[in-house]
Amino acid sequence: MTFEGTKALVVGMEKSGRAVFEFLHAQGAEVIATDLKPLRIADFELQTDELFDEQWDLIVPSPGVPLDLPGIARAKARGVRVVGEVELAAPYLRGPVIGITGTNGKTTTTSLVGHILQTARVPSQVGGNIGTPVIAMTETSRPGQWNVLELSSFQLETVSTFRSHVAVCLNVTQNHLDRHHTFENYASAKGNLFRSQQPGDYAVLNANDEICRSFAALTPAEAVWFTGREIEQLMPLSEVPIPGMHNAENVMAAAATAGIAGVSKPQIAAAVKTFKAVEHRLEFVAEINGVRFYNDSKATSVDATLKALDSFPGDLWVILGGKDKGSDYTALRDLLHRKAKAALLIGAAAEKIASQIEGATTVVRSTTLDCAVAEAWKNARPGDTVLLAPACSSFDQFQSYEHRGQVFKNLVNGLHGPKT
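Residues numbered from 1 in each chain as written. Predicted model: local features only at pLDDT ≥ 70, side-chain atom pairs only at ≥ 80, totals over all residues. Heavy atoms only, no water.

Draft legend 1. Highlighting the packing of aromatic side chains. Summed over the entire model, instances satisfying the criterion amount to eight aromatic pairs. Here the aromatic residues Phe3, Phe23 and Tyr92 are joined through ring pairs into a cluster of three or more. One cation-aromatic arrangement involves Lys7 over Trp56; the distance from NZ or CZ to the ring centre is 5.3 Å. (Phe/Tyr/Trp six-rings, centres within 6.5 Å; stacked < 30°, edge-to-face > 60°. Lys NZ or Arg CZ within 6 Å of the ring centre and 35° of its normal.)

Right under this line is the structure:
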């Protein structure tokens, strides 16, 4: 496949968009980069609806760009090839692929699989939705080296020939309904990971998740089932360094995947023991005057927040809110009632969350993250835990969930000495 002379439009100039732009340019394509905000990039045009109507051979929307934009729909109708970064990378990615998806736990499990393989000295590289974009990994890929990829529903929406030799789905619960519109569409995007597998491949699936079980019918691959309850067959739960039963599931998914890649159970257990929690995912920040602070800024869905709440015995001050993704927050009521001293609400979704959890626990409208941290610090007592687990995306007040988590950590680390 060659892109020499291809007229290409790359939409969205975050990390993967920039990587696609550089890849196509190196391949000899005539590439224009576009974004809604002006950028100092060579061959850049500000994104407008009319730009899509020019004569393009190829349009590559970044994962964050909705595929139902009118301009993209018109281009498709004219026969323009519209393809995402992962599908674009597929023919150039050498070595077998481990693709990991799910509503929650993708980053932890992907990082853990990479850690196990590297500890066992199995050639591998890690990227995708975390770290290095898939298109940039093509340059460092080689036969016999595993490509361990975290893949989001946004990335999987556009795949058709991209093949995962080992496809992993951890769980599928409601998320990103603002983008996919229906749960069925969202689940179908996740299912694309399995549709392009071939005989001899493996589908690693959560036996306790109904949608994951249904994916077994989409693929000719051999199904490999996991549950968190089997953790003691691998290692004592007390020796797993990341808290929560949901992380027992993540460990078992990673163990099944690493086993397929040739790592023995003793090697897997030894590697798990040395794994450090992913930043912004139930990350311990500090203990100050007996109050513990945890950063779970990556809990951008209701289900992720439920898992975070379930990881603690109680006495929680929970910071919730951000940009709503069409979520139903009533699911939080029971655990908030049982475990939270208060819910401190921030961001654009605050009033919606308040209306759906009112009465389950004390509701404090903090508006901003700094006010929420200050309120929690003022009222928390020794033995309490302050937990950032927003159940929302970050894009109302922050650049990303990483930015939100870093601001939280900076605020916590600015708390010193006795309370005034």
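Moving on from the model shown.
Draft legend 2. Seen up close, empty space enclosed by the protein. Summed over the entire model, instances satisfying the criterion amount to three cavities of 30 Å³ or more. For the largest cavity, the calculated volume is near 80 Å³. Surrounding the largest cavity, 13 residues form its lining, Pro61, Pro63, Gly84, Phe154 and Thr158 being those nearest its centre. At the level of elements, α3 (85–89) and α6 (153–156) are the ones that each hand at least two residues to the lining of the largest cavity. The residue inventory of the lining of the largest cavity, partitioned by class, reads six nonpolar, four polar and three charged. (1 Å grid on protein atoms, 1.4 Å probe; cavity = no way out; pocket = protein on both sides within 12 Å on 5 of 7 lines; lining within 4 Å. Points joined across faces, edges and corners; volume = space filled by probe spheres on them. Helix = DSSP H or I, 4+ residues; strand = E, 2+ residues; numbered from the N terminus. Nonpolar A, V, L, I, M, F, W, Y, C, P; charged D, E, K, R; others polar.)

Draft legend 3. Representation of the sheet that holds strand β7 (residues 124–128) within the structure. Strand order across the open sheet formed by six strands is β7-β8-β6-β9-β10-β11, with parallel pairing between neighbours. Edge strands, defined here as strands with exactly one partner in the open sheet, are β7 and β11 (222–226). Sheet twist, expressed as the average angle between the axes of neighbouring strands with direction ignored, equals 20 degrees. Contacting β6 (97–101), β7 and β8 (146–150), helix α4 (residues 106–119) runs over the sheet at an angle of about 165 degrees to β8. Along the sheet, helix α8 (residues 183–195) makes contact with β6, β9 (166–169) and β10 (202–206), crossing β9 at roughly 155 degrees. (Pairing = 2+ DSSP bridges. Axes fitted to C-alpha atoms, helices over the stretch in contact; angles between N-to-C directions. Contact = heavy atoms within 4.5 Å.)

Draft legend 4. Seen up close, the state of the cysteines. On inspection of all chains with the given rule, the structure shows zero disulfides. We note that Cys212 lacks a disulfide partner, and the nearest cysteine sulfur, in Cys169, lies 3.5 Å from it. Among the residues examined, Cys212 registers a relative accessible area of 0% and is labelled buried. We note that Cys392 lacks a disulfide partner, and the nearest cysteine sulfur, in Cys371, lies 18 Å from it. (Disulfide = S-S within 2.5 Å. Buried < 20%, exposed > 50% of the residue type's maximum accessible area, 1.4 Å probe, protein only.)

Draft legend 5. Representation of the side chain of Thr227. Position of Thr227 among the secondary structure elements: in the loop between β11 and α10 (245–260). Each residue touching Thr227, except ones within four places of it in the same chain, is listed here: Ala207, Asn208 and Met252.

Draft legend 6. Spotlight on the pattern of salt bridges. For the structure shown, the criterion picks out 18 salt bridges. Between Glu14 and Lys37 there is a salt bridge, and its shortest N-O distance comes to 3.4 Å. Here Lys37 lies in the loop between β2 (30–35) and β3 (44–46) and Glu14 lies in the loop between β1 (7–11) and α1 (15–26), a separation of 23 residues in the sequence. Note on Glu14: relative accessible area 52%, which makes it exposed. On the basis of relative accessible area, Lys37 is assigned to the partly exposed category, the value being 39%. Among the ionic pairs, Arg163 bridges to Asp201, the shortest N-O distance being 2.8 Å. Here Asp201 lies in the loop between α8 and β10 and Arg163 lies in the loop between α6 and β9, a separation of 38 residues in the sequence. The class of Asp201 is buried, set by a relative accessible area of 2%. Connected through shared salt-bridge partners, Asp49, Asp53, Arg74 and Arg78 make up one network. (Salt bridge = Lys/Arg side-chain N within 4 Å of Asp/Glu carboxyl O.)

In short, geometric facts, not functional conclusions.
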